[in-house]
Amino acid sequence: EESTMAQRKKLVHLDLKGPPESGIPLIELFSQLGVDGLLLEYEDMFPYEGELRLLQATAQPAYSREEVLSVQELARSKGMEVIPLVQTFVTWRDGTLRGTLNPHREEGVRLVMEMLRQVVELHPGLNTLHIGADEVYMLGEGEESKLWLAAPGRTVEQLFLSHVTKVARAIKEAWPHMTIVMWDDMMRSMSPDTLKASGLVGLVQPMLWDYTPNLTYHSAGMSELWAASSFKGSTSVYTCVPSTQRHVGEPSAVAEGVSASQHILFHMFCFVGARVYDHLSVLCELIPVALPSLAACLQTLLHGQFSAEVQSKVAEKAGSDPRFPGRRLAEVIVELNAVLNTDDIRFFENNMFVRGWFSPYQRQRRTVTPLITMQIHSQASEYLTILQQKVEAVREEMVQLYPDSTVQEWIEEHVIPVMAPLQRITEDITACVKEMVP
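In this report, we go over the structure that sits alongside the text. Since the structure is predicted, the reported quantities are computational estimates derived from the model, not experimental observations.

What counts and what doesn't
- Residues numbered from 1 in each chain as written.
- Predicted model: local features only at pLDDT ≥ 70, side-chain atom pairs only at ≥ 80, totals over all residues.
- Heavy atoms only, no water.
- Helix = DSSP H or I, 4+ residues; strand = E, 2+ residues; numbered from the N terminus.
- Buried < 20%, exposed > 50% of the residue type's maximum accessible area, 1.4 Å probe, protein only.
- Contact = heavy atoms within 4.5 Å.
- Areas by Shrake-Rupley, 256 points an atom, 1.4 Å probe, with all protein chains shown as cover.
- Axes fitted to C-alpha atoms, helices over the stretch in contact; angles between N-to-C directions.
- Left-handed = near helix turned anticlockwise from the far one by under 90°.
- Nonpolar A, V, L, I, M, F, W, Y, C, P; charged D, E, K, R; others polar.
- Patch = residues over 30% accessible without salt bridge, like charges linked within 9 Å, V, L, I, M, F, W, Y side chains within 5 Å.
- Salt bridge = Lys/Arg side-chain N within 4 Å of Asp/Glu carboxyl O.
- Phe/Tyr/Trp six-rings, centres within 6.5 Å; stacked < 30°, edge-to-face > 60°.
- Pairing = 2+ DSSP bridges.
- Right-handed = clockwise from strand over helix to strand, strands pointing away.
- Expected span 1.5 Å × (residues − 1).
- Arc of directions from axis to C-beta.
- Core = buried A, V, L, I, M, F, W, Y, C linked by side-chain atoms within 4.5 Å.
- Parallel < 35°, antiparallel > 145°, perpendicular 65-115°, else oblique.

1. Some points on the overall build of the chain
When helices and strands are counted, the chain shows 17 helices and 8 strands. Relative to its full complement of 438 residues, the chain shows a buried share of 52%. Long-range contacts, defined here as pairs at least 24 residues apart, represent 75% of the contacts in the chain between residues at least 6 apart. For the chain, the accessible surface area stands at approximately 20,300 Å², while carbon and sulfur atoms represent 52% of it.

2. Overview of the packing of helix α15 (residues 370-398) against helix α17 (residues 416-436)
The description of two helices packed together rests on the angle between their axes and the distance between the axes. In the contact formed by α15 and α17, the axes pass within 9 Å of each other and the chain directions differ by 145 degrees. Both α15 and α17 take part in a crossing whose hand is left-handed. Side by side, α15 and α17 meet where Pro-370, Thr-373, Met-374, Ile-376, His-377, Ala-380, Ser-381, Tyr-383, Leu-384, Leu-387 and Gln-388 of the first sit next to Met-419, Leu-422, Gln-423, Ile-425, Thr-426, Ile-429, Thr-430, Val-433 and Met-436 of the second. When grouped by side-chain class, the residues that make up the contact of α15 with α17 number 13 nonpolar, 7 polar and no charged.

3. A short note on a nonpolar patch on the surface
Where nonpolar side chains cluster on the molecular surface, the patch consists of Met-352, Phe-353 and Trp-357 and spans about 310 Å² of accessible area. Topologically, Trp-357 is positioned in helix α13 (residues 352-357).

4. A short note on the packing of aromatic side chains
Applying the stated criterion across every chain, the model contains 4 aromatic pairs. Between Phe-46 and Tyr-48, the aromatic rings sit 4.8 Å apart at their centres with planes inclined by 55 degrees, giving tilted as the arrangement. For Phe-46, a relative accessible area of 1% corresponds to the buried category. On the basis of an interplanar angle of 90 degrees and a centroid distance of 5.9 Å, the ring pair of Phe-348 and Tyr-383 is categorised as edge-to-face. One end of the pair, Phe-348, is in the loop between α12 (343-346) and α13; the other, Tyr-383, is in helix α15, with 35 residues separating them in the sequence.

5. Let's talk about the pairing of strand β1 (residues 9-15)
Across the 7 residues that make up β1, a large majority, 6, are buried. In the sheet, β1 pairs with strand β2 (residues 37-41) via 5 bridges, with the strands oriented parallel. Bridged to Val-12 within β2 is Leu-38.

6. Describing the pairing of strand β3 (residues 81-85)
Each regular strand carries side chains that alternate between the two faces of the sheet. Taken across its 5 residues, β3 has 4 buried, putting it largely inside the fold. Inspection of the sheet shows β2 paired to β3 by 5 bridges, in the parallel sense. Within β3, the position partnered with Leu-40 by the bridge is Pro-84. Assessed by its sense of winding, the connection that carries the chain from β2 through helix α2 (residues 65-77) to β3 is right-handed.

7. Some details on α2
Compared with the 18 Å implied by 1.5 Å per residue over 13 residues, the 19 Å span of α2 between its first and last C-alpha is a close match. For α2, the full list of buried residues reads Val-68, Gln-72 and Ala-75. Taken down its axis, α2 places every buried residue within 65 degrees of arc, on the same side. Exposed residues on α2 whose side chains face more than 90 degrees from its buried face are Glu-66, Glu-73 and Ser-77. On its buried face, α2 sits against α1 (26-33), β2 and β3. Phi for Gly-79, located one or two positions after α2, is positive at around 80 degrees.

8. Observations concerning the nonpolar core
Within the largest apolar cluster, 76 residues are counted, with the highest numbers of intra-cluster contacts made by Phe-30, Leu-116, Phe-160, Ile-171, Met-182, Met-187 and Leu-200. Non-local contacts of Phe-160, meaning those with residues more than four positions away in its chain, are made with Phe-89, Ala-133, Val-136, Leu-139, Met-182, Met-186, Met-187 and Met-190. Listed in part, the 36 residues of the second largest apolar core include Ile-333, Val-394, Met-419 and Val-433.

9. Focus on unusual backbone geometry
Here the phi dihedral of Glu-43 falls at roughly 50 degrees; this positive angle occurs in a residue that is not glycine. Within the fold, Glu-43 resides in the loop between β2 and α2. The phi dihedral of Arg-366 falls on the positive side, at around 55 degrees, and the residue is not glycine. Within the secondary structure, Arg-366 sits in the loop between α14 (360-365) and α15.

10. Regarding the pattern of salt bridges
Under the defined criterion, the tally for this structure stands at 14 salt bridges. Here Lys-10 makes a salt bridge to Asp-36, at a shortest N to O gap of 3.6 Å. Of this pair, Lys-10 sits in strand β1 while Asp-36 sits in the loop between α1 and β2, and the two are 26 residues apart along the sequence. Since its relative accessible area comes to 26%, Asp-36 is described here as partly exposed. We note a salt bridge from Lys-78 to Glu-28, for which the minimum N-O separation is 2.9 Å. Residue Lys-78 is located in the loop between α2 and β3, and its partner Glu-28 is located in helix α1; the two are separated by 50 residues in the primary sequence.

11. Topic: the packing of helix α16 (residues 404-414) against α17
For the pair α16 and α17, interaxial distance at closest approach is 4 Å and the crossing angle is 55 degrees. On the basis of the axis angle, α16 is oblique to α17. Seen from α16, the contacting residues are Ile-411, Glu-412, Glu-413 and His-414; seen from α17, they are Ile-416, Pro-417 and Val-418. Per-class residue counts for the contact of α16 with α17 are 4 nonpolar, 1 polar and 2 charged.

Spelled out as structure tokens, the structure:
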């Protein structure tokens, strides 16, 4: 039996910044899973031209114009809509603060509009545009903002709404037919009166992460909303295997929230998968490892809850399908992650034998018991061998889908910090015993 949310269109958000995952036939898979559209967040991978060329990534080439068009063509051939997401608040700078646009200068809005013009031009027939505007944490911290906020009655909320309203009006002037969507988190705690006074009502449709404030938006006159939950990239900044159990709880909560909001029109449901938290953070879960989570979330939305029936459908669509892209990579990452997170390995330096017979004090003074320290050495070496075998299995699969630089980054971020203490102990023991035993 299908839930009421199953009747809404289902989008998948793809965070495209960072190294491309072009070896994975995602659109084909999404089509099989029942996805109706893609929300594409290009960021520095979009082929900006002219004065905006400096926005392009330098670590790897941005997508070509041909690649951007071919993705849309393939999506359309599967009956999917493509909606670009352009961050209109975190591209430039507020004073010297990296990552937040300066909302006091018309130049900022002009540059945002030039970004949007280039994106819209490369998406023929576009009807919907997502303007981001989430997590603008540093807004108000620049010098010009502080001066502006020093005037009586002015707030960061007004500063935020003023810029978004300017951008939304400029979009409507350039493309009157365009539906404008934005993340709701910066507006979530605002009062209906504040939202009404901003002039933003009627210009944008919020995409909600939290489903309790629907009445606030309704009271403000915002009765057309979008819903969203994550399938990866939201547990912690360094997670490498998503918690499916955690993620499937979100669509269930959304379904309850939507059914309780009788006066609200929810257009679409979007499953969000962050690639990285920002340009300077580590990689989140890779797409192949997160696909079972996405499949589970989609099935949960269709059926209203994560049941035994949903589990069997996910296994049928994802886990047991040999064509499932990156299936073997997902398996070996899960195996490696399980080993990395065993207490015996992660906290090896804190075990009784290391702390009792090979402490920093004992190492420094070479007052160790050779027999026990060699047992410690043997155990650490065994763990290192297991990890190295698992890492090589991951590397073998990952190089088929990712650039070498991404493979190395992933290993250095997730594996080396766990292996390094084990290697250090084996080297220290070898040096100690060598000095003590001629």
